[in-house]
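Descriptive structure summary
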Amino acid sequence: MSEDGGAMNGNRNGWPLWEVFVRPRRGLSHNHVGSLHAPDAELALHNARDVYTRRQEGVSIWVVPAQTITASSPDEKDAFFEPAADKVYRHPTFYEVPDGAAHL
Amino acid sequence: MYGHDFPGPDDGPADGLLEQVEAAEVALRAAADRGRPGVADGPAADTDPQHYFTALIEADQKIEPRDWMPDAYRKTLIRQIAQHAHSEIIGMQPEGNWISRAPSLGRKAILLAKVQDEAGHGLYLYAAAETLGVTRDELVELLLTGRQKYSSIFNYPTLGWADVGAIGWLVDGAAIVNQVPLCRCSYGPYARAMIRVCKEESFHQRQGYEILHRLASGTPAQRAMAQDAVDRWWYPSLAMFGPPDTDSTHSQQSMAWKIKRFSNDDLRQRFVDMCVQQAGVLDLRLPDPDLRWNEQRQAYDYTQPDYAELMRVISGDGPCNRQRIDHRRRAHADGSWVREAAAAYTAKRQREDRPAVAA
Amino acid sequence: MNPTDVPTQTRLDHLLGLADDALVAAQRLGEWVAAAPELEEDVALANIALDQLGAARLLLTYAGELEGAGRDEDALAYLRDDREFRNALLVELPNGDFAVTMAKLLFVSAYQLPLYTALTGCTDERLAAIAGKARKEVAYHLDHASLWTVRLGDGTEESHRRMQAAVDEIWPYTHELFTPDPAAPVDPAGLRDAFLAAVEPVLATATLDRPADGWAPSGGRSGLHTEHLSYLLAEMQVLHRAHPGARW
């Protein structure tokens, strides 16, 4: 098992990781809701709809390849991954469901 | 008190637990509002990662993926979250076994949705584990090669429709009792995933309870089916809480790290106390002649599950271990050409330097 | 045609045709649970199965009310024999590999989409409302099947071979879907152009050959099925039938 940053290069054989952002309805911003694996952007969008919105209508979804996100988080004491401290590859999280999106 | 606020089958047994999930969510936000320790904690906290980590845990703050953490903390979490994710995925099989034969279209739809939720929960949990520096591929490999475990309960067969009800009521019930405290786990991504999972799980327990309630008040054959399922699933469900505290190897350190919040035996007791009342409402018998209220302890005395059996099942000799893992291996192997095809398609598009086309 | 001009039995047969397509498709898709190529696809296939099952339930309930003999969705689903099922043969065919399942889904959804779209304008308001809901779902199924057909067709050599074989195997069964039926609320014969307009570009993008038209097995709409259906129903109905009159 690679626990020393093996995931930094993404999955060797598997599909890449995508971060999913959802705007539950007009007037609200997109919020991070989680992540998933998909081979490409279109299937990532399909999967995001299936997994994170149960295909609720009217929501707006962004999917972003996790590897393309650049991060800064001085509050987090990142000693372990120092060489790639601006990356969030391994960063899928489950922030609270956006306001007003009780059924997400 | 756990479960004792349960008024009847219509409201489902999980209400008290759901409130606790919501309380955990409130606590998570409150901790976030309190801000991080450090300034008041002296300069050492800002420079020494070990000190900072300990200060965060003591302040009930969440550890986030990029934080420094002890190797053992990381390993413990990876093992626990992965095992949890594997359990969701393997757990799809015993219930999936009855989707095709569900006795009404309404039940079929609910069961399909439930098993689908389990796939979703596995997916959330693998993602939470991935924040610790492993990939889903690696974790799946560890499952398929038997180097990581899943919950022993899924190595028992579902022999009748009532088993779907018993799994919902007892197995999901035990899982929720186990999981609700995890909503307060010190590792942020796991705590957040668990809040989401627990909210969805309450529906699972409810549907199981409703199935049993319907069967228990149905024809004599249906009633016998329900009792038979409860008889077979009761002790394996008790065993889900793990070995007794005296034999549990991981508990102490996990509790200090606030990964685990209650001991195996505490949670098992909580589950028993909850089930006795619920079984009464169902008018079904829990298969334990020594089950009785202990006034002094303010809890039920009960017969312990057969831990030797638990160890046999964990080590691979349960009724369905081979079947479950063979099924998973076959699905994974059968899907490999599909996964490769999609990756190859993407690679071609990237070589052509144009976006993937929808069709 | 005004529904009141059509004999009730004929209207019932049409409703059962729609309902049984959806029910049998859902039953087949449900077999994929815990066996999909990736977790995300398990979730997607279950969603599609749930959509089809949902449509089937609405249609069967309506059929039961129209019949007026006291049969509800479960009586119609569990207590009819294979000769009384009105689904097209295509949906009852075994799942095969993932390519066969995607070929079936592509063709069924490319048929159901123009069908439900046309039904939203039919004079039977209840049916139009059901079709309005199902149409949106089926558009998603078509999209999903199209994405996969393209990826498998234009993926690896193996996936191309499998996808072409699947399309070749399933194509003959598409003809039955468009058998003329002037008494139907929407005559299926008029839907084939829309079907081809959806399917042919997908096959072309997927670098797959569109099979020649030839053998055209049929019989499902009149209850003459393949050997597969009675096995599917035996499994689906076994528990319900073992406990006559029980509630679940």
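Per an unreviewed UniProt entry, chain B is named 1,2-phenylacetyl-CoA epoxidase subunit A, and its organism is Plantactinospora alkalitolerans.

Counting its regular elements, chain A contains one helix and three strands. In sequence order, chain A lays out its α and β elements as β-β-α-β. The 104 residues of chain A split such that 55% are buried. Counting only contacts in chain A whose residues sit at least 6 apart along the sequence, the fraction spanning at least 24 positions is 52%. Put simply, chain A shows about 4,900 Å² of open surface, and 51% of that area lies on carbon and sulfur atoms.

Contact residues are listed per partner, giving 49 residues for chain C and 50 residues for chain B. Around 4,200 Å² of area is buried between chain C and chain B when both sides are counted, 67% of it from carbon and sulfur atoms. Ranking the residues of chain C by area buried against chain B places A34, L39 and W248 of chain C at the top, with a combined share of 17%. Inspection of the chain C/chain B interface yields four salt bridges. Between R136 of chain B and E40 of chain C there is a salt bridge, and its shortest N-O distance comes to 2.6 Å. Seen at the junction of chain C and chain B, the total is 19 residue pairs in polar contact (both at pLDDT 80 or more). Elements with a contribution of two residues or more to the side of chain C that touches chain B: helix 1 (8–30), helix 2 (39–67), helix 3 (73–78), helix 5 (98–119), helix 6 (125–153), helix 7 (157–170), helix 8 (192–205) and helix 9 (228–242) of chain C. Broken down by element, the side of chain C that touches chain B gets its largest block of residues, 11 residues, from helix 2 of chain C. Counted by class, the side of chain C that touches chain B contains 27 nonpolar, nine polar and 13 charged residues.

Next up on the list: the sheet that holds strand 2 (residues 31–37) of chain A. Residue and element names in this part refer to chain A. Overall, antiparallel pairing links the three strands, which are arranged 2-1-3 in an open sheet. Every other strand in the sheet has two partners, leaving strand 2 and strand 3 (60–65) as the edge strands with one partner each. Sheet twist, expressed as the average angle between the axes of neighbouring strands with direction ignored, equals 30°. Bridging between strand 1 (residues 17–23) and strand 2 involves six bridges; their strand directions are antiparallel. Note that in strand 2 the partner of V20 across the bridge is G34.

Let's shift gears to helix 8 (residues 161–179) of chain B. All names here are of chain B. Its 19 residues give helix 8 an end-to-end C-alpha distance of 26 Å, which sits within 8% of 27 Å, the value for a rise of 1.5 Å per residue. Considering bend angle alone, the principal kink of helix 8 is centred on I167 and spans about 35°. Most of helix 8 is tucked away, with 18 of its 19 residues classed as buried.

Residue and element names in this part refer to chain B. Residue D60 is not a glycine yet carries a positive backbone phi of 60°. Note that D60 resides in the loop between helix 3 (49–58) and helix 4 (71–90). With relative accessibility at 35%, the residue D60 sits in the partly exposed group. Phi at D283 is positive, roughly 60°, even though this residue is not glycine.

Attention now goes to the side chain of E73 of chain C. With respect to the element layout, E73 of chain C can be found in helix 3. Judged by relative accessible area, E73 of chain C falls into the buried class, the value being 12%. In terms of polar contacts, E73 of chain C uses its side chain to reach the side chain of T61 of chain C, at 3.4 Å. Apart from the residues lying within four places of it in its own chain, the contact partners of E73 of chain C are L105 and G106 of chain B together with R57, L60 and T61 of chain C.

Right, let's talk about the pattern of salt bridges for a bit. With the rule as written, the count across this model stands at 39 salt bridges over all chains. The shortest N-O distance in the salt bridge between R232 of chain B and D228 of chain B comes to 2.9 Å. One end of the pair is R232 of chain B and the other is D228 of chain B, both in helix 10 (residues 220–239) and four residues apart, which spans about a single turn. Accessibility expressed as a relative area gives 26% for R232 of chain B, which makes it partly exposed. The residue D13 of chain C makes a salt bridge to R86 of chain C at a minimum N-O spacing of 3.5 Å. With a gap of 73 residues between them, D13 of chain C in helix 1 and R86 of chain C in the loop between helix 3 and helix 4 (89–92) connect regions that are remote in the sequence. Look at D13 of chain C and you get partly exposed, because its relative accessible area is 26%. Here the salt bridges do not stand alone but share partners, grouping E95, K114, E118 and D172 of chain B into one network.

In this section: the environment of S230 of chain C. Residue and element names in this part refer to chain C. With respect to the element layout, S230 can be found in helix 9. Since its relative accessible area comes to 36%, S230 is described here as partly exposed. Spatially, the C-alpha atom of S230 lies 30 Å from that of R161, the residues being 69 residues apart in sequence.

We now examine the confidence of the model for chain A. When pLDDT is low, close inspection of the predicted coordinates is not appropriate. Residues and elements named next belong to chain A. Considering every residue of chain A, the mean pLDDT works out to 68; 54% of them sit at 70 or more. Of all secondary-structure elements in chain A, the lowest mean pLDDT belongs to strand 2, at 92, while strand 3 reaches the highest, 94. Confidence over residues 1–12 falls short of pLDDT 50; this stretch has 37 contacts with residues more than four positions distant or in other chains. Confidence drops under a pLDDT of 50 for residues 79–104, and excluding neighbours within four residues, the segment shows 93 contacts in the predicted structure.

This brings us to the nonpolar core. Core analysis: the biggest nonpolar cluster contains 210 residues, and Y73, W161, W169, Y187 and F271 of chain B together with F107 of chain C have the highest contact counts within it. Those residues in contact with W169 of chain B that sit more than four places away from it in its chain are Q205, G208, Y209, L212, V230, C275, Q278, A279, L282 and L286 of chain B.

Our next topic: the packing of aromatic side chains. Under the definition given, this model contains 19 aromatic pairs over all chains. An angle of 40° between the planes, with centres 6.1 Å apart, marks the rings of W15 of chain A and W148 of chain C as tilted. On the criterion of chain membership, the pair formed by W15 of chain A in the segment before strand 1 and W148 of chain C in helix 6 is interchain, its members lying in two chains. Assessed through its relative accessible area of 1%, W148 of chain C is described here as buried. With a centroid separation of 6.5 Å and an interplanar angle of 50°, the aromatic rings of F21 of chain A and W62 of chain A are classed as tilted. On the criterion of sequence distance, the pair formed by F21 of chain A in strand 1 and W62 of chain A in strand 3 is long-range, its members being 41 residues apart. Here a set of aromatic residues connected by ring pairs shows up, and it is made of F107, Y111, W171, F178 and F195 of chain C. If you follow R270 of chain B out to its NZ or CZ, it ends over the ring of F262 of chain B, 4.2 Å from the centre.

About the cut-offs
Residues numbered from 1 in each chain as written. Chains lettered and ligands numbered in written order. Predicted model: local features only at pLDDT ≥ 70, side-chain atom pairs only at ≥ 80, totals over all residues. Heavy atoms only, no water. Helix = DSSP H or I, 4+ residues; strand = E, 2+ residues; numbered from the N terminus. Buried < 20%, exposed > 50% of the residue type's maximum accessible area, 1.4 Å probe, protein only. Contact = heavy atoms within 4.5 Å. Areas by Shrake-Rupley, 256 points an atom, 1.4 Å probe, with all protein chains shown as cover. Buried area = accessible area lost by both parts, 1.4 Å probe. Salt bridge = Lys/Arg side-chain N within 4 Å of Asp/Glu carboxyl O. Polar contact = N/O pair within 3.5 Å; in protein donor to acceptor, adjacent residues only side chain to side chain. Nonpolar A, V, L, I, M, F, W, Y, C, P; charged D, E, K, R; others polar. Pairing = 2+ DSSP bridges. Axes fitted to C-alpha atoms, helices over the stretch in contact; angles between N-to-C directions. Expected span 1.5 Å × (residues − 1). Bend = angle between axes of the 7 residues up to and from the residue. pLDDT = per-residue confidence, 0-100. Core = buried A, V, L, I, M, F, W, Y, C linked by side-chain atoms within 4.5 Å. Phe/Tyr/Trp six-rings, centres within 6.5 Å; stacked < 30°, edge-to-face > 60°. Lys NZ or Arg CZ within 6 Å of the ring centre and 35° of its normal.

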